[in-house]
Protein chains: 2
Amino acid sequence: MLSEKDVTYLKQVIALALEGVEEGAGGPFGCIIVKDGKIVGKGYNRVTSDNDPTAHAEVVAIRDACKQLGTYQLDGCTLYTSCEPCPMCLGAIYWARPERVLYAATRFAAADAGFDDDFIYKEINLKDSERKIPFIHYEDEDAQEAFEYWKRLEDRKRY
Amino acid sequence: MLSEKDVTYLKQVIALALEGVEEGAGGPFGCIIVKDGKIVGKGYNRVTSDNDPTAHAEVVAIRDACKQLGTYQLDGCTLYTSCEPCPMCLGAIYWARPERVLYAATRFAAADAGFDDDFIYKEINLKDSERKIPFIHYEDEDAQEAFEYWKRLEDRKRY
């Protein structure tokens, strides 16, 4: 299922993960996005250096690729990442819609290195009130108003 | 469990969601982050106007708050959002670690308006190979190298 090129890119994201740590950018994670045999986006984790908890390697690379390509959709792209995406990055991937995702280390290796990925995967399936960070639902009729407005918009740009 | 102030902020995020659509920024979602009775971050969805699939209201507000506060952690903050966070935003929230999350509309209302939130919640629990976007694990010993380097780092900045 993997081509030689796939393996080459996977080796590159593993090297990128190490590079990010060596440069003090953040955690040990790297990501590359390829379209038609060309790298269109890349990045490593920059959470602590950018003061941005969302600056995981995948999010940085997705934002980079979208900027390069001038779009918010990654049709026909392959995303290579040094580690199994955390729920935030998995969500970002689904919204960007690349064709496939290849990863090297697992969420369990990440957990062993002190990262919360596996913990967050477990929290997702808990009820609001059972979560470590409590989620509280406030029922408000007005909340539907923006959705109704959106649905009536003829030129709405879906994503 | 909700104070009058909580309800006031929830009304504000609902208004912000509508404002974003009216300005053509993106989907109908708004978010405000409050610390010690003060708004420290806010935003609405900017996916289509910024060409950034990660620019959901919560991510925009988290990045804004972290910039304002000069940190990557939202200790003691409350996050108010017009709609139940999607998996990407839920992940971003866990990495930012606010104290609690209050939301108005549900993921089902979002799905009814054409947003994939509920679909992504279901995909998360599927095996790699069963997902609509295939995830492929490549076993590589080198993948652990960056983690090992990280674990040995004495001055590593955890997040």
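A short tour of the structure in this document, coming up. Remember, predicted model here, so these are calculated numbers, not experimental data.

**Regarding the side chain of Thr-78 of chain B**
Residues and elements named next belong to chain B.
Okay, so step 1: Within the fold, Thr-78 resides in strand E3 (residues 77-83).
Okay, so step 2: A distance of 3.2 Å separates the side chain of Thr-78 from the side chain of Arg-100, its partner in a polar contact.
Okay, so step 3: Excluding residues within four positions of it along the chain, Thr-78 makes contact with Ile-32, Ile-33, Val-34, Arg-100 and Leu-102.

**Things to note about the pairing of strand E2 (residues 38-44) of chain B**
Residue and element names in this part refer to chain B.
Okay, so step 1: With 6 bridges connecting them, strand E1 (residues 30-35) and E2 associate as antiparallel partners. In the strand pairing of E2, Val-34 is matched with Ile-39.
Okay, so step 2: Between E1 and E2, which pair antiparallel one after the other, the connecting turn spans 2 residues, and Asp-36 there sits at a positive phi close to 50°.

**With respect to the interface of chain A and chain B**
Okay, so step 1: Across the boundary between the two partners, chain A contributes 88 residues, which contact 87 residues of chain B.
Okay, so step 2: A combined buried area of about 8,100 Å² lies between chain A and chain B, and 69% of that area is made up of carbon and sulfur atoms.
Okay, so step 3: At the surface where chain A touches chain B, the tally comes to 10 salt bridges.
Okay, so step 4: Lys-11 of chain B is the partner of Asp-140 of chain A in a salt bridge, and the nearest nitrogen-oxygen pair spans 2.7 Å.
Okay, so step 5: Joining chain A to chain B, the criterion identifies 29 residue pairs in polar contact (both at pLDDT 80 or more).
Okay, so step 6: Sorting elements by how many residues they give to the side of chain A that touches chain B places helix H4 (residues 87-96) of chain A first, with 9 residues.

**Regarding empty space enclosed by the protein**
Residues and elements named next belong to chain A.
Okay, so step 1: One pass over the structure, following the stated rule, counts 4 cavities of 30 Å³ or more.
Okay, so step 2: In terms of lining residues, the largest cavity is bounded by 14 residues, among which Phe-29, His-56, Glu-58, Cys-86 and Asp-117 are the most central.
Okay, so step 3: When grouped by side-chain class, the residues that make up the lining of the largest cavity number 9 nonpolar, 2 polar and 3 charged.
Okay, so step 4: Here the second largest cavity is characterised by a volume of approximately 70 Å³.
Okay, so step 5: Classifying every residue of the lining of the second largest cavity gives 6 nonpolar, 2 polar and 3 charged.

What counts as what
Residues numbered from 1 in each chain as written. Chains lettered and ligands numbered in written order. Predicted model: local features only at pLDDT ≥ 70, side-chain atom pairs only at ≥ 80, totals over all residues. Heavy atoms only, no water. Helix = DSSP H or I, 4+ residues; strand = E, 2+ residues; numbered from the N terminus. Polar contact = N/O pair within 3.5 Å; in protein donor to acceptor, adjacent residues only side chain to side chain. Contact = heavy atoms within 4.5 Å. Pairing = 2+ DSSP bridges. Buried area = accessible area lost by both parts, 1.4 Å probe. Salt bridge = Lys/Arg side-chain N within 4 Å of Asp/Glu carboxyl O. 1 Å grid on protein atoms, 1.4 Å probe; cavity = no way out; pocket = protein on both sides within 12 Å on 5 of 7 lines; lining within 4 Å. Points joined across faces, edges and corners; volume = space filled by probe spheres on them. Nonpolar A, V, L, I, M, F, W, Y, C, P; charged D, E, K, R; others polar.

Structural measurements only, silent on function.
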